[in-house]
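# Tertiary structure, described
If you want the building blocks of each chain, they are given just below.
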Amino acid sequence: MAHRDWLGLKMELPRARRLQLTLLSFLLPLLIWSAISYIPWLWHPSIRVTATGDVDYFTEEMELPRADFESEAAKMRAQGLAVPEGYRVNPLYLPAPHQVARAFYTGFTTEPRLPGEPWLHESLGHSIRTIFWGFFISSIFGLPLGILCGTYRFFSRLQEPFIEFFRYLPAPAFGALAVAVLGIDDGPKIAIIFIGTFFQQVLVISNTVRKVDPALIEASQTLGAKGWNLVRRVIIPASITDVYNDMRILLGWAWTYLIVAEVVGTMSGITYSINQQARYRNFDNVYAEIMMIGIIGFSSDLFLAWIGRLIFPWKRTARTASPSGASKPTLAAAAVRA
Amino acid sequence: MPTPLDSLPDYRKLAREVKARFERIRQRPVILSVRNLEKSFGAEMHTALDHVSLEIHRREFICVIGPSGCGKSTLIRIIAGLDQATSGEVLLDGKAVTGPGPDRGMVFQGYTLFPWRTVKANVMFGLEMRGKDKSTAEIEARQWLDMVGLGKFENSYPHELSGGMKQRVAIARALANEPRILIMDEPFAALDAQTRCQMQNYLLQIWRKVDVTILFITHDLEEAAYLSDRILVMGANPGRVVEFIDNPVPRPRNVAQFVSPEFLALKLRLEELIHPPMEIEEERLPMVKLTNAGDDVE
Ligand SMILES: Nc1ncnc2c1ncn2[C@@H]1O[C@H](COP(=O)(O)OP(=O)(O)O)[C@@H](O)[C@H]1O
Ligand SMILES: [Mg+2]
């Protein structure tokens, strides 16, 4: 059978294999990381000192490049003094998987070092709030404007050239301006996410709305639809599933603006937290917190995809194959019998 | 050399009862009249329709045939109000057509059901647009669905239906508006032969039960001969009416008539009109013999 072939050109794989491959896509990078972390001869460019020997500037637990350690050890050996000892480690900035995994838990249980500093969950909450408001405010304006531009050439010609231009202005460039206008707290951060999202949103959504099958619009016109009813009852429902998917992608883009937004004004949220952990050289926490951003973004997207399948039942088993007379034998046969 | 075809009757000679039927039809009021319709496209003013005029009587079943690109779709899109004519006019019940409206139902070749609506909600669409309240619309939609034999599928979504079923829903959806005229643009062209034959019989049954005039485009000559009262034959470059033929095959129709002399004579005439003999000259392929193919095929 064709299914024996893993590399079939443009052929969808069976479900079990798809799951295996999904799992592998995460396991492979993890495996490489583990190999580098746990196999000593693979990389491990530094030495952690266990016994200082007679090297006067060595201290226990100190880490230094292997070449420096070897040259000091050679010197001591030549002078007949006590030779230092140590073992090979990776640099501090590359913690092993188990350390990062532990940080996923300890990150939340460790009290902040400075008084008044937020806990990790508070930092994450702050970031999610910033994203939410930026994206929400953008959508309040962007969604209707996009639909308007996609429906009426008048609005598309009136708005899109300027928006097309504006979207090339990098959102972070407005940081200083946003601070001057909105202060140093959350205002400018939300504004950056807004600027980064809004202009793309209008263009992407108007494009999607414009792609509504004209035959559907014509069919509805011959059934008596016109004006606002045509927009509300045909154009919007015909494009809503694609608009919803656009919104998911746009939300993903909004996440990529988060870090630049959070350094504007007083640094806040997860960015502040990552920054502090790096300063304390807790790199396991840094990795864990970066991954948390990915996990929150990715899982919220999966969640939205699932919600989408719930609220758009007609898309649940929609086939992309070209329609043909005998495409659904069971139902068709039932109809003939009926 | 005489062929069996020469023994066919003249397609213009109608049997007495058929002639009487056409006389009765011509007594009926004219429902649609197209006057001197012209349509040009683009900057070069490519003429898609050149002075097309015709009159259709109430409850007639008209089929339109013609070579591809002769302006069949253009003609009915103008009648439906989806396109504007360059000049000329279309009158429905004596009133000029200016845009699309529910008095002219349309069924397209591509499936144009609303995918986000269930079968029943699709049929209800036109009723809702005309301001009927929901419960009335629902009752009427059910009746139309029962008529096309899809009552059981009222809660299915279009993507769950076969092509033939989708077109039946599209017909029910158009008829629910009780249009004066039902316009169909190659509605069965995408269906397999067996389903198409079934659909033709459904359509004839529906037409008999419902007070509606049908304007039906097809490129299938047998389909035109089987369904129609009259056949509008169009020619290309520029698009024009070549002949408007009274179909001599008596009603009610059945599949056995496909081999009746009237049917064959009509089909022969349609063939002549659509594919003039000199045009179907066989194109010789260059002879390139790559392998020894043998010579046991003729
Ligand atoms: N929107 C359009 N723009 C330019 N030319 C068109 C357009 N629609 C149709 N035509 C031309 O008009 C002619 C008639 O087309 P059409 O009515 O679709 O033919 P048919 O339905 O008989 O196959 C064709 O030559 C086609 O190229
Ligand atoms: Mg056509």
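Basis of the calculations
- Residues numbered from 1 in each chain as written.
- Chains lettered and ligands numbered in written order.
- Predicted model: local features only at pLDDT ≥ 70, side-chain atom pairs only at ≥ 80, totals over all residues.
- Heavy atoms only, no water.
- Domains from an automatic or database assignment.
- Contact = heavy atoms within 4.5 Å.
- Buried area = accessible area lost by both parts, 1.4 Å probe.
- Salt bridge = Lys/Arg side-chain N within 4 Å of Asp/Glu carboxyl O.
- Helix = DSSP H or I, 4+ residues; strand = E, 2+ residues; numbered from the N terminus.
- Nonpolar A, V, L, I, M, F, W, Y, C, P; charged D, E, K, R; others polar.
- Pairing = 2+ DSSP bridges.
- Axes fitted to C-alpha atoms, helices over the stretch in contact; angles between N-to-C directions.
- Phe/Tyr/Trp six-rings, centres within 6.5 Å; stacked < 30°, edge-to-face > 60°.
- Buried < 20%, exposed > 50% of the residue type's maximum accessible area, 1.4 Å probe, protein only.
- Lys NZ or Arg CZ within 6 Å of the ring centre and 35° of its normal.

## Digging into the domain arrangement of chain B
Residues and elements named next belong to chain B. Here chain B is partitioned into domain 1 (8–101 + 181–186 + 213–274) and domain 2 (104–178). Measuring from the centre of the C-alpha atoms in domain 1 to the corresponding centre in domain 2 gives 26 Å. On the side of domain 2, nine residues touch domain 1, which itself brings 16 residues to the contact. Buried surface at the junction of domain 1 and domain 2, both sides included, amounts to about 1000 Å², of which 60% is carbon and sulfur. For the pair domain 1 and domain 2, the interface holds zero salt bridges. Elements with a minimum of two residues in the side of domain 1 that touches domain 2: α2 (72–80) and β7 (181–185). With five residues, β7 is the single largest residue contributor to the side of domain 1 that touches domain 2. Residue classes in the side of domain 1 that touches domain 2 are distributed as eleven nonpolar, three polar and two charged.

## Here's the deal with the domain arrangement of chain A
When the domains of chain A are assigned, the result is domain 1 (14–41), domain 2 (46–89) and domain 3 (107–337). The C-alpha-based centres of domain 2 of chain A and domain 3 of chain A are spaced at 54 Å.

## Structural notes on the sheet that holds strand β2 (residues 46–57) of chain B
All names here are of chain B. The strand order β2-β1-β4-β5 describes an open sheet built from four strands, whose pairing is antiparallel. The strands lining the two open edges of the sheet, one partner per strand, are β2 and β5 (95–96). As judged from the eight bridges shared by strand β1 (residues 30–41) and β2, these two strands associate in the antiparallel manner. Bridge pairing in β2 places Leu37 opposite Val52. Against the sheet, α2 engages β1, β2 and β4 (87–92), with an angle of about 120° to β1.

## A word on the sheet that holds strand β10 (residues 240–246) of chain B
Residues and elements named next belong to chain B. Spatially, β6-β7-β8-β3-β9-β10 is the arrangement adopted by the six strands of the open sheet, whose pairing is mixed. In this open sheet, the two edge strands, each paired with only one partner strand, are β6 (104–107) and β10. Direction aside, the axes of adjacent strands within the sheet are offset by 20° on average. Pairing analysis gives four bridges linking strand β3 (residues 61–65) to strand β8 (residues 213–217), with the strands arranged parallel. Paired with Cys63 across the bridge in β8 is Phe216. In this fold helix α5 (residues 163–175) packs onto β6 and β7, with an angle of close to 170° to the strand it touches most, β6.

## Some points on the packing of aromatic side chains
All names here are of chain A. Applying the stated rule across the entire model yields 24 aromatic pairs over all chains. Look at Phe154 and Phe155: their rings are 5.1 Å apart centre to centre, the planes differ by 85°, and that puts the pair in the edge-to-face class. On the basis of relative accessibility, which here comes to 56%, the residue Phe154 falls in the exposed class. Overall, Phe155 belongs to the partly exposed group, its relative accessible area being 25%. Taken together, the ring pairs in this structure connect Phe162, Phe165, Phe166, Phe174, Phe194, Phe198 and Phe199 into an aromatic cluster. In this structure, Arg113 packs its charged tip against the face of Tyr280, placed 3.9 Å from the ring centre.

## A closer look at the pairing of β1 of chain B
Residues and elements named next belong to chain B. Here β1 folds back onto β2 in antiparallel fashion, the turn holding four residues, of which Gly42 has a positive phi close to 75°. Examined bridge by bridge, β1 and β4 share five bridges and lie antiparallel to one another. What sits directly across from Val34, in β4, is Val90.

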